[in-house]
Amino acid sequence: MCSMLAFLGPLAAMLLLQTAAGAVGRASYDYNVYHPFNEIDDWMSQILMDNPDMVSMERYGRTYQKRDINLIKIGERSGEMKKAIWMDCGIHAREWIAPAFCQYFIKQVLQEYRKGGKMVEMMKKLDFYVTPVLNVDGYVHSWLDNTTRLWRKSRSPGPPGCTCEGTDLNRNFNATWGTVGVSTNCCAETYGGTGPLSEPEAAAVTRYVGQRKEDFLCFLTIHSYGQLILVPYGNPNLTAPNYQELMTVGLGAADEMKKVHGKSYKVGTSPDILYPNSGSSRDWARLSGIPFSFTFELRDNGTFGFLLPQDQIQAACEEAYSGAMHIVRYVHSKQLNAAAAPAAAAASLWAALLATCVTAALAL
Ligand SMILES: [Zn+2]
């Protein structure tokens with residue numbers, strides 16, 4: 001082998017070794033078990049090494065405990081600014097199926113792209129921005145031992161005088177913050193923080209997505225459990241200007257999900273099918289003008305709850321992928337139509353959509 005590598009020359013030898021390392025990395029990673037954060041971190045680096053033409057990694061924030069918040073961007077290199085799809089997993093620490101799904105999603109998108117077909121066509125117009133673990137501190141804490149397995153919040157200290165830790169990051173976004181379905185008790189699971197964006201994790205998402213909000217067409221945030229697809233808003237006094245369209249797309253996604261393993265997913269606003277809430281990232285995204293914003297609550301319906309057995313990971317991911325891709329395909333074809341229309345007409349369509357959102361935001 002050594003003499004053969006010498007014959008091929010150093011560059012060819014390096015390529016051979018890289019390919020071998022990549023193949024080993026892919027083969028040895030088990031998508032059907034839950035992984036602690038350090039393994040997910042290594043997996044992200046491996047994905048980057050295996051797919052240098054399609055994948056890049058970006059640190060866009062740091063947690064309270066100074067851990068990096070990284071996203072994986074999947075996209076064809078292109079000179080033009082493309083539209084974008086956002087997905088984050090693991091904003092709530094104990095919902096381990098969510099980070100497992102983001103990893104599956106990244107693997108699957110890359111595999112489909114390599115096979116050609118529809119994914120190649122979509123990726124000419126769209127990039128995916130996927131954060132496998134957003135609440136890194138909380139996720140690490142949930143892996144400590146059995147007593148911390150059901151930890152939900154971040155790990156920042158409470159306000160002065162409070163002995164409890166952690167803020168519910170999905171109550172900390174600047175979207176009717178503090179109004180409903182949130183607690184001011186710092187020991188509660190739904191403590192919303194001292195103010196909107198008091199937490200660095202929520203601030204990081206807001207900053208990153210907010211500075212390019214006209215590029216993000218779709219915002220998907222992945223949770224468990226309950227088998228639900230939630231559309232904006234969590235505050236029952238507000239209705240999204242495109243509520244009907246969101247429901248149609250969400251119901252289409254649920255239909256696709258049911259076809260995979262027969263599981264039913266309900267679709268609706270949080271007050272209609274779960275409970276009212278405020279300060280969620282989903283609501284913030286829609287209020288910011290991102291037209292398609294959904295929360296996925298993955299398996300199950302409460303039999304195992306947050307402790308979904310590992311033998312359900314694959315099935316849960318397969319059905320969720322099918323639902324997510326239904327939404328992505330819809331967004332992609334709408335974008336294509338907008339691009340195909342005369343530029344002025346397309347611009348006025350989006351301007352009208354955004355204007356409606358701004359009106360809604362100002363009414364709060
Ligand atoms: Zn959650």
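Scroll up a little and you will see the structure.
Residues numbered from 1 in each chain as written. Predicted model: local features only at pLDDT ≥ 70, side-chain atom pairs only at ≥ 80, totals over all residues.

J.: How should I be thinking about the overall build of the protein chain in this particular structure?
T.: A count of helices and strands for the protein chain gives 12 helices and 8 strands. Put simply, the protein chain has 364 residues, and 43% of those count as buried. For the protein chain, contacts bridging at least 24 residues in sequence account for 74% of all contacts bridging at least 6. (Helix = DSSP H or I, 4+ residues; strand = E, 2+ residues; numbered from the N terminus. Buried ≥ 20, exposed ≤ 12 C-beta atoms within 10 Å, placed from the backbone. Contact = placed C-beta atoms within 7 Å.)

J.: Even after reading the chapter, I still don't get the pairing of strand S1 (residues 55-62), so can you show me in this structure?
T.: Along any regular strand, the residues point their side chains to alternate faces of the sheet. Here S1 pairs with strand S2 (residues 68-74) via 7 bridges, running antiparallel. Paired with Gly61 across the strands is Ile69, a residue of S2. As consecutive antiparallel partners, S1 and S2 are separated by 5 residues, and within that stretch Lys66 has a phi angle of approximately 70°, a positive value. (Pairing = 2+ DSSP bridges.)

J.: Before we go on, may I ask you to explain the packing of helix H8 (residues 243-261) against helix H11 (residues 313-340) in this structure?
T.: Two quantities define a packed helix pair, namely the angle between the axes and the distance from one axis to the other. Axis separation between H8 and H11 bottoms out at 8 Å; the angle between their running directions is 145°. Between H8 and H11 lies a crossing of right-handed hand. On H11, the residues touching Val249, Gly252, Ala253, Ala254, Glu256, Met257, Val260 and His261 of H8 are Ala315, Glu318, Glu319, Ala320, Ser322, Gly323, His326, Ile327 and Tyr330. In the contact of H8 with H11, the residues fall into 9 nonpolar, 5 polar and 3 charged. (Axes fitted to C-alpha atoms, helices over the stretch in contact; angles between N-to-C directions. Left-handed = near helix turned anticlockwise from the far one by under 90°. Nonpolar A, V, L, I, M, F, W, Y, C, P; charged D, E, K, R; others polar.)

Geometric descriptors of this kind do not, in isolation, establish any biological role.
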